Every structure is written in structure tokens, then in C-alpha cells.
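Descriptive analysis of the structure
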Amino acid sequence: LDSLLQEMLKVWIEALLCLVLSVLCQARLSDRSDIGKCGYNSLESPVFHDSGEEKFFNDTVIKGGGCAFPTKMVILGAQGAGKSSLANSFLGWDVTITDPLPFPVGHGVQAGTLNSSYASGSWIGLVGSPGVTIVDTPGFNNSVGQLEDLVWLLGELEEVNAFILVFRYKDRLSSDLTNSLKSVGKLLGNMNKNLAVVVSFWSFSNKGEADREARRMTRRRYENQISNMLKEVLETDIKVPVFYIDSHYKKTDDHERRMFYRETTRLWQFMQNIRAWESLPPAKLKAQVRRVRRRTGEIKEKCQVYVEDKIDLKINAENNNLLIQQQDEEIIEMRRTIQNLKTNCLKY
């Protein structure tokens, strides 16, 4: 009987342990992102999830699909800086390809990217290259919704190797982009160590190099200008590396092709030599987003109060104008009365 009781007690203890472990595992899983990890190489990786995925470049690039590679990079920059073109080139696009693109490209003042999204494939489209996941973002403005959309996506990715700030040659760093970089850093943690600048529209064609020579602009001089500017606006002592990648290079031009591969190789080496940036845990991320919403809500309330005050002032001004008009009419009537009295008095 004692042995039977001991056996039953053992079974109950094992069942209880299994129940506790299952609860803990479920809690752990619910605290993780929905984006899984893919294999190292895009062409040899496990099959992507079918849900919500799109395929490009002969099925070598997958957009969405709930699967990301260990190496991840986020493309940031102002509208029209060439972010989407650069993101596509990192997945193998060049000007000779006319197929649909993973990341739509805008033209002129029309934005191509309206929401943050990600796509995965082999680095610069070469067979056997390591797999990489690219996150393309819209041109930042004062939209809190766009910023929050990126924040949640980064939270799901959990780690990012590099934040690529696309800076168009001859442009200035906008205040909106600067504020967005600071806001993302405050929300998710400092990312200055993982920040790199890619100068777009820096053509290595003969015409482009002749133009820079006429302006006496060298890569080192321009790099120093950008680094010093970022140190000032981001309030950091870290020197941000600068790369010159022309996404619209001509494959038929040996020099342009060689410079594209050289600069993209330098960028890849930079990503491999730094520790990946880690997002906040989901619980802390939600708390940070709530704080931003709360601050934004207060601003909206202040704006609403300002609008209401403006309406009240307008109504008061209209009422005052009516009162002044009535007083003017009364004064005119009083003057008529006085004039009548004077005329009647003179008769007598």
C-alpha cells in the first residue's frame, strides 16, 4: 500500500511539474515576437511562412512572411532620399531589372513607401551570399503613427545590426528626421553605435566625379561634414561611419560596378563587427509607447484648447463690434437730439 501511494504521489508531482512548465512556456512564448528566424543563407533557408508573403526576383526575395534572417538592417531617411531604391539594391536590384520591386519607389514629391515593411533575401542578390532582412521605412515627418508603426516592427524583430541613415548628396539633415531619430532612440534605446550613413546620388560616373572635382568636394571632406553634423544634432561623441553607395550604378561600367561592390562590402563588414542593437522587451515597449501617446494626447488637447480659445475670441470680437455699432448709433441719435434742442431754443 505504501509503495502504491508513493507511486501515485510521484505521478501527481510529475503532472504538476508538467502543468507549471507548460504555463511558463506559454507565458514565455506570448512575450516573444511573431517573426521567426530563417536560416543563414537565403537560398538554402527553411521555407517561409505562406501567410502574407510576396515573392520577387524569381522567388529569391520574400517580402513579409513572418521570417527574418539573423542579419537585419533598417533604412531611415527623408522622403526622396532614395531609401527604397537602396533597400531594393541590397536585395539584388539594379537599373537593368524591370520586374516588380519589394519596396515601391516614389517619384518626385510622391512617396513610394507609406508604411514600414521588411523583405528578406541574399545580400546584394548574389548566389551564396548571407541572408539579410531589410526594413524600409517611410520618409519621416511629424506623424506619430508612422513612428509608432516602425517602433512596433522593430520590437518584433528584436535585434537590428545596423540603422542606415540615407543622406542625399547636397541635401541638409531635416529637423523632422533628427527628431525622429532621437524619438526612436528614446523609445527603444540608444542606437548611435549601430548607426551608419549611406550617401545616395553620389554617382561614380565620369560626369558625377567631374562635378565634385569642380566643387572641390572629396569623399573625406564630405564624410567629415556629415560626421560633425551628426555629432552635434544627436549629441554624441561617436563618429558615424559613412558609405557611398549608388543604387543606380551601371553594371556595364567597370568602375561604377567595382565601387558599388566595394562600398557594400565595407558596409557588410561594419555590420558584422558591431554588437546587434536589441529592442526593449514587449512589456517595456508597450509602456514607452503609452508614454508617447500620453504626451501626444496632451499636445492635442492643448491644440484643441487653443482652437476653442480662438473661436471664443472671434465670437467676443463680433459681439464687441456689434456693441460698438450700437453705441455709435446711440451717439448719432444723441447728437441729433442735441441739434434739435439747439434749433428749438434759438426760435425762442
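In short, a report on the structure. (Residues numbered from 1 in each chain as written. Predicted model: local features only at pLDDT ≥ 70, side-chain atom pairs only at ≥ 80, totals over all residues. Heavy atoms only, no water.)

Observations concerning the pattern of salt bridges
Opposite charge on two side chains makes pairing possible when the charged atoms of those side chains draw close. As a reminder of what qualifies: For salt bridges, the criterion is a side-chain nitrogen of Lys or Arg within 4 Å of an Asp or Glu carboxyl oxygen. Working definition: helices are DSSP H or I runs of at least four residues, strands are E runs of at least two. Numbering for both runs from the N terminus. Partly exposed describes any residue whose relative accessible area lies between the buried limit of under 20% and the exposed limit of over 50%, with all areas from a 1.4 Å probe on protein chains only and scaled to the type maximum.
Tallied over the entire structure, the rule returns seven salt bridges. For K251, the salt bridge identified is with D94, shortest N-O distance 3.3 Å. In this pair, K251 is assigned in the loop between strand 11 (242–244) and helix 7 (254–272) and D94 in the loop between helix 2 (83–90) and strand 6 (117–122), connecting sequence segments 157 residues apart. A residue is classified by how much of its surface remains accessible, and K251, at 39% relative accessible area, is partly exposed. Look at D94 and you get buried, because its relative accessible area is 2%. One salt bridge connects K170 with D211, and the closest N-O pair in it is separated by 3.6 Å. One end of the pair, K170, is in the loop between strand 9 (162–168) and helix 4 (175–188); the other, D211, is in helix 5 (residues 206–214), with 41 residues separating them in the sequence.

Considerations on the side chain of T264
Using the following cut-off: We call two residues in contact when some of their heavy atoms are within 4.5 Å.
One can find T264 in helix 7. With sequence-adjacent residues up to four places away left out, T264 is seen in contact with F90, W123, I124 and I245.

Describing the environment of V166
Relative to the elements of secondary structure, V166 occurs in strand 9. Residue class for V166 comes out buried when judged on its relative accessible area of 3%. Sequence separation of V166 and A81 is 85 residues, and the distance between their C-alpha atoms is 6.2 Å. Those residues in contact with V166 that lie beyond four places of it in its chain are I75, L76, G77, A81, G82, K83, L86, V198 and S200.

Some remarks on the nonpolar core
To be explicit about the condition: Buried Ala, Val, Leu, Ile, Met, Phe, Trp, Tyr and Cys residues form a nonpolar core when they are joined through side-chain atoms within 4.5 Å.
With 33 residues, the main nonpolar core has F163, V197, V199 and Y222 as its most contacted residues. At the level of elements, strand 5 (72–77), helix 3 (144–157), strand 9, helix 4, strand 10 (195–200), helix 6 (219–233) and strand 11 are the ones that each hand at least two residues to this core. In terms of residue count, the dominant contributor to this core is helix 3 (four residues). Filtering out sequence-adjacent residues up to four positions away, F163 remains in contact with V74, L76, L154, M191, N194, L195, A196 and W277. F56, M73, F103 and A196 belong to the second-largest nonpolar core, a separate cluster that totals 30 residues.

Focus: unusual backbone geometry
Only a minority of non-glycine residues have a phi that is not negative, and only a minority of peptide bonds are not trans. The phi dihedral of I124 is positive, around 45°, even though this residue is not glycine. Along the chain, I124 falls in the loop between strand 6 and strand 7 (131–136). A residue is classified by how much of its surface remains accessible, and I124, at 11% relative accessible area, is buried. At E158, a position not held by glycine, the phi torsion is positive, near 70°.

Side note on the sheet that holds strand 11
Hydrogen bonds along the backbone pair up the strands of a sheet, which may run parallel or antiparallel. Keep this limit in mind: DSSP bridges decide pairing: two strands pair if at least two such bridges lie between them. Axis definition: a line fitted to C-alpha atoms, over the contacting stretch in the case of helices. Angles run 0 to 180 degrees between N-to-C directions.
Across the sheet, eight strands lie side by side as 2-3-6-7-5-9-10-11; this open sheet has mixed pairing. Both edges of this open sheet fall to strand 2 (54–56) and strand 11, since each of them pairs with a single strand only. Each strand axis lies, on average, 25° off the axis of its neighbour in the sheet, ignoring direction. Taken together, the six bridges between strand 6 and strand 7 define a ladder with antiparallel strand orientation. Opposite S117, over in strand 7, you have D136 as the bridge partner. Lying on the sheet, helix 6 is in contact with strand 9, strand 10 and strand 11; it crosses strand 11 at an angle near 140°. In this fold helix 7 packs onto strand 5, strand 7, strand 9, strand 10 and strand 11, with an angle of close to 150° to the strand it touches most, strand 11.

Quick word on helix 2
Counting buried positions along helix 2 gives eight out of eight residues, so the element sits mostly inside the fold. Those residues of helix 2 not exposed but buried are K83, S84, S85, L86, A87, N88, S89 and F90. Those residues of helix 2 hidden inside the fold are in contact with strand 5, strand 6, strand 7, strand 9, strand 10 and helix 7. Downstream of helix 2 by a residue or two, G92 has a phi angle that is positive, lying close to 115°.

This is a description of form; function is not addressed.
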